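# Structural features, examined
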Amino acid sequence: MYDFTSGFLTLMQQELFTHGNNQLETCIRVPLPGADVSYYPDFLSADQAQHYFNRLQDTLLWRQEQIQLYGKQFKVPRLQAWYGNKEASYRYSNLSLYPNTWTTELLSLKQRCEQISATVFNSVLANLYRDGQDSMGKHADDESELGRQPVIASLSLGAMRTLVFSHKHNLSEPKKQNVKLPLATGSLLIMKGSTQQNWLHGIAKRKTPMAGRINLTFRFIYP
Ligand SMILES: O=C(O)CCC(=O)C(=O)O
């Protein structure tokens with residue numbers, strides 16, 4: 001049984017089930033009201049996770065984008081790369097991302113994520129957090145091109161970082177409403193159903209020195 005040691009998030013339902021290849025997969029349902037979130041701690045072995053981390057760090061076309069907020073330009077506090085099918089361009093925070101062509105590694109990870117989630121993806125946003133100072137502000141993946149109830153498969157590689165969920169509507173005691181989920185290397189988080197309608201999520205900065213982390217979020221973009 002896992003306990004993510006935060007707020008009300010103590011009761012986890014753990015399931016073991018098999019896939020076509022007869023591999024046993026541990027799945028933990030994260031009990032967020034009005035959300036559908038599952039955590040697979042051992043989606044990749046430690047060796048596989050290290051292999052993919054190195055390959056993706058070395059080969060993806062990383063960029064530090066600039067976004068405009070309140071009329072000012074800011075550098076996004078992490079590196080990013082967008083890959084996918086030709087039709088899958090993506091807009092957020094006044095930023096337009098046009099897809100690079102799939103790499104072998106991304107295609108093979110996409111296939112594994114599709115199998116486990118029984119979903120088709122046509123794109124992936126890769127984020128490289130170079131150290132604890134890199135972060136992602138709280139947001140919901142609720143852009144119209146993702147559809148009303150998107151399925152998002154989020155794969156973590158490298159240093160452990162904590163994903164913080166905050167409820168979008170119940171803000172009476174915001175701190176208490178935060179649910180923290182440490183994401184281990186090789187783990188997969190699947191968000192679906194009404195998760196993006198009801199919850200924000202983000203990665204906070206950390207003061208302590210830490211190694212790099214890559215996160216991949218596989219998505220389906222409606223052209
Ligand atoms: O790095 C993470 O785990 C979060 C990534 C994320 O929220 C996103 O790409 O929208």
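Just so it is clear, the structure is predicted and the values come from calculations on it, not from any experiment. (Residues numbered from 1 in each chain as written. Predicted model: local features only at pLDDT ≥ 70, side-chain atom pairs only at ≥ 80, totals over all residues. Heavy atoms only, no water.)

### Observations concerning the packing of aromatic side chains
Applying the stated criterion across every chain, the model contains four aromatic pairs. Taking the centre distance of 5.0 Å and the plane angle of 20 degrees together, the rings of Trp 82 and Tyr 90 count as stacked. Residue classification places Trp 82 among the buried residues on the basis of a relative accessible area of 3%. Tyr 90 gets classed as buried once you look at its relative accessible area, which sits at 2%. Look at Phe 165 and Trp 199: their rings are 6.4 Å apart centre to centre, the planes differ by 85 degrees, and that puts the pair in the edge-to-face class. Of the two residues, Phe 165 is situated in strand S12 (residues 161-167) and Trp 199 in strand S15 (residues 199-203); the sequence distance between them amounts to 34 residues. (Phe/Tyr/Trp six-rings, centres within 6.5 Å; stacked < 30°, edge-to-face > 60°. Buried < 20%, exposed > 50% of the residue type's maximum accessible area, 1.4 Å probe, protein only. Helix = DSSP H or I, 4+ residues; strand = E, 2+ residues; numbered from the N terminus.)

### Points about the site of the ligand
Surrounding the ligand, one finds 14 residues, the nearest of these being Tyr 129, His 139, His 201, Arg 213 and Arg 219. With respect to the ligand, the side chain of Tyr 129 contributes an N or O atom lying 2.6 Å from an oxygen atom. Asp 141 is positioned with one of its side-chain polar atoms (N or O) 3.3 Å from an oxygen atom of the ligand. Judged by its atoms lying within 2 Å of the grid points, the ligand is housed in the largest pocket. Considered class by class, the residues forming the shell around the ligand number six nonpolar, five polar and three charged. (Near = heavy atom within 4 Å. Polar contact = N/O pair within 3.5 Å; in protein donor to acceptor, adjacent residues only side chain to side chain. 1 Å grid on protein atoms, 1.4 Å probe; cavity = no way out; pocket = protein on both sides within 12 Å on 5 of 7 lines; lining within 4 Å. Sits in = over half its atoms within 2 Å of the grid points. Nonpolar A, V, L, I, M, F, W, Y, C, P; charged D, E, K, R; others polar.)

### Details of helix H1 (residues 46-59)
When the terminal C-alpha atoms of H1 are compared, their 20 Å separation across 14 residues agrees well with the 20 Å that a helix rising 1.5 Å per residue should span. Looking at H1, one finds that the buried residues are Ala 49, Tyr 52, Phe 53 and Leu 56. On an axial view of H1, the arc spanned by its buried residues comes to 105 degrees, and they lie on one face. Turned more than 90 degrees from where H1 packs its buried face, Asp 47 and Asp 58 sit exposed. Taken together, the buried residues of H1 touch helix H2 (104-117), strand S11 (152-158) and strand S16 (213-219). (Expected span 1.5 Å × (residues − 1). Arc of directions from axis to C-beta. Contact = heavy atoms within 4.5 Å.)

### Comments concerning the sheet that holds S15
Here we have four strands laid out as an open sheet, ordered S10-S15-S12-S13, and antiparallel in their pairing. Two strands in the sheet have a free side with no partner beyond their single neighbour: strand S10 (136-139) and strand S13 (179-183). Between one strand axis and the next, the sheet turns by 20 degrees as a mean value, whatever way the strands run. Here S10 runs beside S15; their pairing, made up of two bridges, is antiparallel. (Pairing = 2+ DSSP bridges. Axes fitted to C-alpha atoms, helices over the stretch in contact; angles between N-to-C directions.)

### Some points on unusual backbone geometry
Backbone geometry follows two general trends: most residues other than glycine have a negative phi, and most peptide bonds adopt the trans configuration. At Tyr 70, a position not held by glycine, the phi torsion is positive, near 50 degrees. Within the element layout of this structure, Tyr 70 appears in the loop between strand S4 (66-69) and strand S5 (72-75). Within the chain, Ala 118 stands out as a residue other than glycine whose phi angle is a positive 50 degrees. Inspection of the secondary structure puts Ala 118 in the loop between H2 and strand S9 (123-129).

### Structural notes on the layout of surface pockets
Of the pockets and cavities examined, the largest pocket occupies roughly 470 Å³. Mapped by element, the contributors of at least two residues to the lining of the largest pocket are S4, strand S7 (90-92), S9, S10, S15 and S16. (Points joined across faces, edges and corners; volume = space filled by probe spheres on them.)

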